[in-house]
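Breakdown of the fold
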Amino acid sequence: PGEKMLFRHPPRSLPPGERRNAVEQVLGGALAAVRPDLAIERAVRREGGDLVIAGERYPLDGLGRIRVLGVGKAAAPMVRPLWELLGDRLDGCVVIGKRGEPTEAFGGDAVEFLDGAHPIPDRDSVVVAQRAMDFVSPLGPDDLLMVAISGGTSALLTLPAPGLELAAISAT
């Protein structure tokens, strides 16, 4: 009582062909619900001269530079809708993904694509972490940095503290 049923009939009462279709519909809906690009599109939009992020309004005229940094195995799919939404206002866009993973490029020269190592960080992870630091460091209080983070970021962005060796981090 009070529980919502996904199906009008329990799955075992459906003929085999209909069971398969019902399962495919449920799985398809679940996968669509967690697509990184759609999650960003649900959370970020432009309304007139405002950027609306999770219900918070940011007047675009009141912002200085706008930059986007995406890191992780789903970085490109998360950043693409931000670039499409704000391309005319973006001062910079960096996407850091997993080396060897195919990435559908977008944005031409306006988007910088970099690769780090995953699951074990290596020298490339240190290089792209430093690039990320250089990318965000010049921003000030009137600027907006949008950061999209997904799985794999801890390996893709590895910048050992002074006195720590990359080999020690990679071994843990």
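In what follows, the structure referred to is the one given above.
Report on the accompanying structure. (Residues numbered from 1 in each chain as written. Predicted model: local features only at pLDDT ≥ 70, side-chain atom pairs only at ≥ 80, totals over all residues. Heavy atoms only, no water.)

Digging into the overall build of the protein
Scanning the protein from terminus to terminus reveals six helices and seven strands. Along the protein, helices (α) and strands (β) appear in the sequence α-α-β-β-β-β-α-β-β-α-β-α-α when read from the amino end. Its C-alpha atoms give the protein a radius of gyration of 21 Å, more than 25% over the compact-globule value 16 Å for 172 residues. For the protein, the spread of C-alpha atoms along the three principal axes comes to 65 × 50 × 35 Å. Burial statistics for the protein: of 172 residues in total, 34% are counted as buried. Here the analysis covers contacts within the protein between residues at least 6 apart in sequence; of these, 63% occur between residues at least 24 apart. Of the roughly 10,600 Å² of accessible surface on the protein, a fraction of 56% belongs to carbon and sulfur atoms. Within the protein, one finds 19 positive and 23 negative side-chain charges whose respective centroids are separated by 8 Å. (Helix = DSSP H or I, 4+ residues; strand = E, 2+ residues; numbered from the N terminus. Rg over C-alpha atoms; globule rule 2.2 N^0.38 Å. Buried < 20%, exposed > 50% of the residue type's maximum accessible area, 1.4 Å probe, protein only. Contact = heavy atoms within 4.5 Å. Areas by Shrake-Rupley, 256 points an atom, 1.4 Å probe, with all protein chains shown as cover. Lys, Arg positive; Asp, Glu negative; His and termini not counted. Charge placed at Lys NZ, Arg CZ, Asp CG, Glu CD.)

Focus: the side chain of serine 150
Considering the arrangement of structural elements, one finds serine 150 in the loop between β7 (144-149) and α5 (153-156). Classification of serine 150 as buried rests on a relative accessible area of 16%.

Focus: the nonpolar core
Burial of nonpolar side chains together is a common tendency in soluble globular proteins. Counting residues in each nonpolar core, the largest one holds 21 residues, and the members touching the most others are Leu51, Ile66, Val68, Val79, Leu86, Val95 and Met146. Mapped by element, the contributors of at least two residues to this core are β4 (66-71), α3 (75-86), β5 (90-98) and β7. Here this core takes six residues from α3, the largest share from any one element. (Core = buried A, V, L, I, M, F, W, Y, C linked by side-chain atoms within 4.5 Å.)

A short note on the environment of glycine 64
Following the sequence through the fold, glycine 64 ends up in the loop between β3 (56-59) and β4. Its relative accessible area of 29% is what places glycine 64 among the partly exposed residues. Once the C-alpha coordinates of glycine 64 and leucine 51 are considered, the two residues, 13 residues apart in sequence, prove to be 13 Å apart. For glycine 64, the residues in contact, after removing those within four places along its chain, are Arg89, Asp142 and Asp143.

Coordinates in, geometry out; function isn't part of it.
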